[in-house]
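# Close look at the chain arrangement
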Amino acid sequence: GENVEQHPSTLSVQEGDSAVIKCTYSDSASNYFPWYKQELGKRPQLIIDIRSNVGEKKDQRIAVTLNKTAKHFSLHITETQPEDSAVYFCAASRDSGTYKYIFGTGTRLKVLA
Amino acid sequence: KAGVTQTPRYLIKTRGQQVTLSCSPISGHRSVSWYQQTPGQGLQFLFEYFSETQRNKGNFPGRFSGRQFSNSRSEMNVSTLELGDSALYLCASSFYLRQGQSLNYGYTFGSGTRLTVV
């Protein structure tokens, strides 16, 4: 069945360091890969997404890379700040007009000041 | 533009009871998806509605059902509640727009309904 594996489950970094979260998906038909950030007690919010026709996308301190052959995509956060502390979820979806997202199990990122 | 509104925010129910949760999408969004979020399982897809029709369904038992009204508002119902149904239930509203060769998705979550079954 469809599955998205996400690693690590927890990640602690020093402020200013980089953080990398990795996801692997099983459905080869997936071609849309969003990342969501969920702060404690709040709703998940989209922070960046990538489609299968590109290999990398960057937005300020956040970047996502995609390797379709390996069915692998990653989130990179540079110059981490305490406000980056949250749970991050990756997801995979087909570009079929439906909205079934398969989410990873989340990564709890803690940025230490 | 108002966001996605879910009601109620908190709910406590007893095992065996049933519950109905409501989701009002962003104005103009016609698709509403529902997710169950638990600490152990993360976010799991329940179902998606578009123009009052269920387009996709996750792997949940038949006790979980939903519907969508003509104004795009959606409800989900859980019958015969079990302790394991305790979770945060999130709905997400979205649009789908093809612009030339590119596709644009908007997927905005509501704040959720936290259901506790005792």
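Report follows, based on the coordinates. Every value quoted in this text rests on a predicted model; they were computed, and no experiment measured them.

## Overview of the overall build of chain A
What chain A contains, in helices and strands, is zero helices and 11 strands. Listing the helices and strands of chain A from first to last along the sequence gives β-β-β-β-β-β-β-β-β-β-β. Overall size of chain A, expressed as C-alpha extent along the three principal axes, is 40 × 30 × 20 Å. Counting only residues that meet the buried cut, chain A has 45% of its 113 residues in that class. Counting contacts in chain A only where the partners sit at least 6 residues apart, residues at least 24 apart contribute 54% of the total.

## What to know about the pattern of salt bridges
Should their charged atoms come close, side chains of opposite charge can pair. This structure, assessed with the given rule, holds nine salt bridges over all chains. Its salt-bridge partner being Asp 27 of chain A, residue Arg 94 of chain A comes within 2.6 Å of it at the nearest N-O pair. Taken together, the residues Arg 94 of chain A in strand β9 (residues 86–94) and Asp 27 of chain A in the loop between β3 (19–25) and β4 (30–38) connect sequence positions 67 residues apart. Between Glu 75 of chain B and Arg 73 of chain B there is a salt bridge; the shortest N-O distance is 3.2 Å. Of the residues examined, Glu 75 of chain B reaches a relative accessible area of 15% and is grouped as buried. Look at Arg 73 of chain B and you get partly exposed, because its relative accessible area is 24%.

## Looking at the environment of Thr 7 of chain B
Residue and element names in this part refer to chain B. Note on placement: Thr 7 falls in strand β1 (residues 5–7). On a C-alpha basis, the gap between Thr 7 and Ser 33 in space is 15 Å, while along the polypeptide they are 26 residues apart. In this structure Thr 7 touches Leu 21, Ser 22 and Thr 113, once residues within four positions along its chain are discounted.

## Considerations on the state of the cysteines
Residues and elements named next belong to chain A. Per the stated rule, a full pass over the model turns up two disulfides over all chains. Residue pairing for Cys 23: its cysteine sulfur links by disulfide to Cys 90, the two sulfurs lying 1.9 Å apart. Its S-S torsion of approximately -100 degrees makes the covalent link between Cys 23 and Cys 90 left-handed. Taken together, the residues Cys 23 in strand β3 and Cys 90 in strand β9 connect sequence positions 67 residues apart. The same class applies to Cys 23 as to Cys 90, namely buried.

Rules behind the numbers
- Residues numbered from 1 in each chain as written.
- Chains lettered and ligands numbered in written order.
- Predicted model: local features only at pLDDT ≥ 70, side-chain atom pairs only at ≥ 80, totals over all residues.
- Heavy atoms only, no water.
- Helix = DSSP H or I, 4+ residues; strand = E, 2+ residues; numbered from the N terminus.
- Buried < 20%, exposed > 50% of the residue type's maximum accessible area, 1.4 Å probe, protein only.
- Contact = heavy atoms within 4.5 Å.
- Salt bridge = Lys/Arg side-chain N within 4 Å of Asp/Glu carboxyl O.
- Disulfide = S-S within 2.5 Å.

Geometry only, nothing functional implied.
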